[in-house]
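Examining the three-dimensional arrangement
Residues per chain, in single letters:
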Amino acid sequence: MALSGIEIYKFLPKTNCKECGFPTCLAFAMKLASKSVELSLCPYVSEESKEALEAASRPPIRLITIGSGEKTIEIGNEVVMFRHEKTFYHPPGFVVRIKDTAPADEVAKLVGEVAGYSVERVGMELKLDGFAIENDSKDGGNFVKCVELVKSKTDLPLILMSSDPSAMGQALEKVSSSKPLVYAATKENCDGMVELAKKHECPLAVCEPEGLDELTDLVEKVTAAGVEDVVLDPGARDFGQSLAIMTQLRRLAIKKSFRPLGYPVITFPGEAATTLEEEALLTGQQVAKYAGIIVLDHFSPGMSYPLLTLSLNIYTDPQKPIQMAPGIYEIGSPRPESPLCVTTNFSLTYFSIAGELESSGFPSWLVVCDTEGLSVLTAWSAGKFDAERIAKTVKEFNVAEKVSHRNVILPGHVAVLRGELEEELPDWKIMVGPREAVGVGVFLKQNWTA
Ligand code: SF4
């Protein structure tokens, strides 16, 4: 069982020096007990106390890294059941399965498409994470050829899938320096796979579909043999099974601090799906509950974009909205006489209005106020988007020097600020724009004459 805050407190220096960022050692101990901070924040804990506290301060789900160099997939290290309790840290890795029975030209084409896929959302680049190469042919030679082909086309992380330690060993000889995930140790091949994972220092997936007791036994065997980086495959495939088992695994790790199952989980949504839509739906479920790495059987941009967006939404810290830096932004190539709009620094708000301005045919200036990442109405109702703050931003970023006119367009939702803003910016004409970003193009056509 994890230690309570009071038990942890006994091991701390009790000087209340505040260097950890908390006002007292007790406050820090309480945070350690909830697994939301690292013990390393306190520089004064003795070595003996560190050892004693290590188990209490260690994240309940081990952080596993697949791949090497700049492109890696990091999974695990989660500390809560629900994102609103704190946040989820490591979004699931999306990898696409390639079978070694597929023709080489098809493999090369698919690798190129997946590796080259990229979309931008709220200023972030969303991409898929790697490939799972399956020894479908059951032939070691074919497996090695396919692994080498994929490796020659991409430096994205790999999962090697074979039940045969001999084929796995041959493939690892070629690509072990890139630290692929070895999939998978089972009851039948456990000793051979453990030896390979240890020899090549690669993470090892453990697959046991018979039940969680059996999975626990196998994981304990693997870890006792010296493999520390483990990924779990409990064998759950369909919607109901997957939801139940994944939730159980997360509860055991987070609520019960059950170390043998404190590892991230790999899923295969395509194996239970009869259509592409079902695969996408099941993947969505597993993004929310609680996959560490998801092996997709199909790739299409239409399926990838919503899944990556869902993952981004779920793994964004709910207490820290994605924000833009306050300032004045150029949309297109604005001139001094171009329109000037004001908005908040919530990224989604910024990109909505920036996108509409871009397609409106009016290159524009966009003043972004610091509203702590809140959208227009939320910020206004929280008192973080008011006339004083808008005027302060206009002055702070010398907006008057950028434009030759004195017209500023407010979002329609905060039309109520017009009077106050006229008082704060007496030299400016305050215009009330549309309530929704989508209306800004029509608004400018009808109203902008500067
Ligand atoms: Fe206490 Fe250590 Fe935090 Fe100082 S840094 S307040 S000694 S826990």
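Quick look at the structure, then. (Residues numbered from 1 in each chain as written. Predicted model: local features only at pLDDT ≥ 70, side-chain atom pairs only at ≥ 80, totals over all residues. Heavy atoms only, no water.)

**Considerations on the sheet that holds strand S9 (residues 204-207)**
We apply this condition: When DSSP finds at least two bridges between two strands, those strands are taken to pair. A run of H or I in DSSP counts as a helix once it spans at least four residues, and a run of E counts as a strand once it spans at least two, with each numbered from the N terminus. The contact criterion used throughout is that any non-hydrogen atoms of two residues lie within 4.5 Å. As a rule, the C-alpha atoms of each element are fitted with a line to give its axis, helices using only the stretch in contact, and angles between N-to-C directions run from 0 to 180 degrees.
One open sheet holds the eight strands; their spatial order is S10-S9-S8-S7-S6-S3-S12-S11, and the pairing between them is parallel. With partners counted over all chains shown, the strands left at the sheet margins are strand S10 (230-233) and strand S11 (266-267), one partner each. As paired strands, strand S7 (residues 158-161) and strand S8 (residues 181-185) are joined by three bridges and run parallel to one another. The partner of Ile-159 across the bridge, within S8, is Leu-181. Packing against the sheet, helix H5 (residues 140-153) makes contact with strand S3 (93-99), strand S6 (130-134) and S7, and its axis sits at approximately 165° to S6.

**Quick word on the site of the ligand**
Operational definition: Nearness is judged by heavy atoms alone; a residue qualifies as near a molecule or strand once a single heavy atom is within 4 Å of it. Only protein atoms enter the calculation, which uses a 1 Å grid: trapped sets of points that fit a 1.4 Å probe without letting it out are cavities, open sets showing protein on both sides within 12 Å along at least five of seven lines are pockets, and any residue with an atom within 4 Å of a point is a lining residue. For a cavity or pocket, the test is whether more than half of a molecule's atoms lie within 2 Å of its grid points; if they do, the molecule sits there. In this count, Pro and Cys sit with the nonpolar residues alongside Ala, Val, Leu, Ile, Met, Phe, Trp and Tyr, while Asp, Glu, Lys and Arg are called charged and the others, Gly among them, polar.
Around the ligand, the structure places Pro-13, Thr-15, Asn-16, Cys-17, Lys-18, Glu-19, Cys-20, Cys-25, Phe-28, Cys-42 and Pro-43. In a pocket analysis with a 2 Å cut-off to the grid points, the ligand is assigned to the second largest cavity. In terms of residue class, the shell around the ligand is made up of seven nonpolar, two polar and two charged.

**Considerations on the state of the cysteines**
The condition is simple: In plain terms, two cysteine sulfur atoms within 2.5 Å form what is called a disulfide here. Exposed residues in this analysis have more than 50% of their type's maximum accessible area, buried residues have under 20%, and partly exposed residues fall in between, with area computed by a 1.4 Å probe over protein chains only.
Across all of its chains, the model carries zero disulfides by this definition. With no disulfide of its own, Cys-190 lies closest to Cys-207 among cysteine sulfurs, the gap being 12 Å. For Cys-190, a relative accessible area of 2% gives the class buried.

**Looking at the packing of helix H12 (residues 347-360) against helix H17 (residues 440-447)**
Relative placement of two packed helices is described by the angle separating their axes and the distance separating the axes. Heads up, the condition is: Angle categories are assigned with fixed cut-offs, so that under 35 degrees is roughly parallel, over 145 is roughly antiparallel, 65 to 115 is roughly perpendicular, and the rest are oblique. By definition, any crossing whose near helix is turned counterclockwise from its far helix by less than a right angle is left-handed, and any crossing with a clockwise turn is right-handed.
Following both chains from N to C, one finds H12 and H17 inclined at 50°, their axes separated by 8 Å at the closest point. Viewed along their axes, H12 and H17 adopt a mutual orientation that is oblique. Here the hand of the crossing between H12 and H17 comes out right-handed. Residues Ile-353, Glu-356, Leu-357 and Ser-360 of H12 touch H17, and the partners they reach there are Val-440, Gly-441, Leu-444 and Lys-445. Across the contact of H12 with H17, the residue classes tally to four nonpolar, two polar and two charged.

**Describing the layout of surface pockets**
What counts, and what does not: Grid points are joined across faces, edges and corners, and a volume is the space filled by probe spheres set on the points.
When its volume is computed, the largest pocket comes out at roughly 560 Å³. Along the wall of the largest pocket there are 23 residues; nearest its centre are Pro-91, Glu-125, Leu-126, Lys-127 and Asp-129. Elements with a contribution of two residues or more to the lining of the largest pocket: strand S2 (73-75), S3, strand S5 (124-126) and helix H11 (301-314). Looking at the lining of the largest pocket residue by residue, the classes come out as 13 nonpolar, four polar and six charged. There is about 320 Å³ of room inside the second largest pocket. The class makeup of the residues in the lining of the second largest pocket is twelve nonpolar, six polar and two charged.

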